[in-house]
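# Structural description and commentary
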Amino acid sequence: MAVGMKAARIDTPFSLKIVEVDQPIVGSKEALIKVEACGVCGTDIHIYEGKTGIARYPLIPGHEFSGRVVDVGVEASRYLSIGDRVVVDPTVVCGRCIFCRSGRIHLCLEWSPIGVVRDGAFAEYVKVPAHLAYRIPDTVSFEEAALTEPLSCCIHGWDRLSPKAGFTAAIIGAGPIGLMHIQLARLSGASLIIVSEPMERRRILAEKLGADVVVNPFESDLSEVVNRETSGIGVDIVIEAVGGAKYLEEALKIVGRGGKVLVFGVAPEGDRAYVSP
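Please read all numbers here as calculations on a predicted model, not as lab measurements. (Residues numbered from 1 in each chain as written. Predicted model: local features only at pLDDT ≥ 70, side-chain atom pairs only at ≥ 80, totals over all residues. Heavy atoms only, no water.)

### Some points on the environment of Gly73
Our working definition: The helix and strand labels rest on DSSP assignments: H or I over at least four residues marks a helix, E over at least two residues marks a strand, and numbering proceeds from the N terminus. By definition in these notes, contact holds between two residues if any of their heavy atoms fall within 4.5 Å.
Mapped onto the secondary structure, Gly73 falls in the loop between strand E4 (65-72) and strand E5 (85-88). C-alpha separation for the pair Gly73 and Pro129, spaced 56 residues apart in sequence, amounts to 9.6 Å. Contact partners of Gly73, with chain neighbours within four places excluded, come to Val26, Gly27, Ser28 and Glu30.

### Some thoughts on the sheet that holds strand E7 (residues 133-135)
To keep it simple, the criterion reads: When DSSP finds two or more bridges between two strands, those strands count as paired. Axis definition: a line fit to C-alpha positions, over the contact stretch in the case of helices; interaxial angles, taken between N-to-C directions, run 0 to 180 degrees.
Taken in spatial order, the five strands line up as E6-E3-E4-E5-E7 in an open sheet, and their pairing is antiparallel. At either end of the open sheet lies a strand with only one pairing partner, and these are strand E6 (125-129) and E7. Averaged over all pairs of adjacent strands, the angle between their axes in this sheet comes to 45 degrees, without regard to strand direction. Pairing geometry for strand E3 (residues 30-38) and E6, over five bridges, is antiparallel. Bridge pairing in E6 places Ile33 opposite Val126.

### Side note on the pairing of strand E12 (residues 255-263)
Put simply, the rule is: The handedness of a crossover follows from its direction of travel: if, with the strands pointing away from the viewer, the path from the first strand over the helix to the second runs clockwise, the crossover is right-handed.
Bridge count for strand E11 (residues 235-240) against E12 is five bridges, and the pairing is parallel. The partner of Glu240 across the bridge, within E12, is Val263. As a crossover connection, the stretch from E11 through helix H8 (residues 245-254) into E12 is right-handed.

### Quick look at the packing of helix H7 (residues 222-229) against H8
Rules: Working rule for angles: under 35 degrees goes down as roughly parallel, over 145 as roughly antiparallel, 65 to 115 as roughly perpendicular, anything else as oblique. For a crossing to be left-handed, the near helix must be turned anticlockwise from the far one by less than a right angle; the clockwise case is right-handed. Classes in brief: Ala, Val, Leu, Ile, Met, Phe, Trp, Tyr, Cys and Pro nonpolar; Asp, Glu, Lys and Arg charged; the others, Gly included, polar.
Interaxial distance between H7 and H8 falls to 10 Å at its minimum, and their mutual angle equals 25 degrees. By the criterion of interaxial angle, the relationship of H7 to H8 is roughly parallel. Here H7 and H8 pass one another in a crossing that is right-handed. Note on element contacts: H8 touches H7 through Glu250, Lys253 and Ile254, opposite Leu222, Ser223 and Val226. Of the residues in the contact of H7 with H8, the class split is three nonpolar, one polar and two charged.

### A few points about the sheet that holds E11
Taken together, the five strands give an open sheet; going across it, the order is E10-E9-E8-E11-E12, and neighbouring strands pair in parallel fashion. Edge positions in the open sheet fall to strand E10 (213-215) and E12, since each of these has one partner strand only. Taking the axes of each pair of neighbouring strands and ignoring which way they run, one obtains an average angle of 15 degrees across the sheet.

### What to know about the packing of aromatic side chains
Formally: Any pair of Phe, Tyr and Trp rings, taking the six-membered ring for Trp, is counted once the centres come within 6.5 Å. Such a pair is stacked with planes under 30 degrees apart, edge-to-face with planes over 60 apart, and tilted for the rest. We call a residue buried when its accessible area falls under 20% of the maximum for its residue type, exposed when it is over 50%, and partly exposed in between, using a 1.4 Å probe and counting protein chains only. When the NZ atom of lysine or the CZ atom of arginine is within 6 Å of a ring's centre and also within 35 degrees of its normal, the charge is said to sit over that ring.
Here the structure, examined in full by the defined rule, presents two aromatic pairs. Centroid distance Phe14 to Tyr48: 5.4 Å. Interplanar angle 70 degrees. Geometry classified as edge-to-face. Of this pair, Phe14 sits in the loop between strand E1 (4-12) and strand E2 (15-22) while Tyr48 sits in helix H1 (residues 42-49); the two residues are 34 residues apart in sequence, bridging distant segments of the chain. Phe14 sits in the exposed class, given a relative accessible area of 54%. Ring plane angle 50 degrees and centroid distance 5.7 Å describe the contact between Trp158 and Phe167, whose orientation is recorded as tilted. Accessibility assignment for this pair places Trp158 and Phe167 in one class, buried. The ring of Phe142 has Arg85 lying over it, and the distance from NZ or CZ to the ring centre is 4.3 Å.

### Some points on helix H5 (residues 176-187)
Rule in force here: Expected helix span is computed as 1.5 Å times (number of residues minus one).
Helix length check: H5, at 12 residues, gives a terminal C-alpha distance of 17 Å against a target of 16 Å (1.5 Å per residue), a fit within 8%. Residues of H5 that are buried: Gly178, Leu179, Met180, His181, Ile182, Leu184 and Ala185. In this structure, the buried side of H5 is in contact with helix H4 (148-161), strand E8 (168-172), strand E9 (192-196), helix H6 (200-208), E11 and E12. One or two steps after H5, the chain reaches Gly189, where phi turns positive at roughly 100 degrees.

Structural data, given as structure tokens:
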């Protein structure tokens, strides 16, 4: 007889319900995780609104999570043990297609991330491929560990940027992701960090976490501020951490010659930015 559990499920866009569903049964290479903490990502909002283009409904979202292993498949015991405290990489790929076999797993033809295509962690329990679960030390709380996935994405962005010490940066948006980027910019050797954020409490946090100049875009023009702070040459790096065409267009206005723009925010499907040739 199947064991039940509670989950938050999206049956159709704009319809989120708390439902009773069967607890997942693990396969030989899988593990069952009791969810202890799960973040709410901007992608989850897009899924709720039906704006991702990839989500399959009905769906239990949630991909930024940590928990404790409560069951493991026969072949998974080499990776995990019952009771392990873990964080999970939600990116599930096939490992067989031409893109996976050439090391470009982000282009996998059968990409099926947890909480986006397959059921995720807005539930009491979630089933995951065992090799994607990583043990965490007892000194790291479950809430802190749940930030591993978004933080890893930010770090990957900085790996791609490869900044030189003393660079200047502008970060559009000081939500959780933008605040992570501020700290990474400071750790990477930024000499100037300009942040644009409309919410006062986030602007205060941005200053505490390392921003040199904080702009309220409803009161000041970001382009004018960047020109003033950089003597008109623009910044070396711009991170768009909101998601939307107008923010990308703004990023392109303030980046300097030879600069780089990291398009981190996920724009709604169908959004279009206009770029001058």
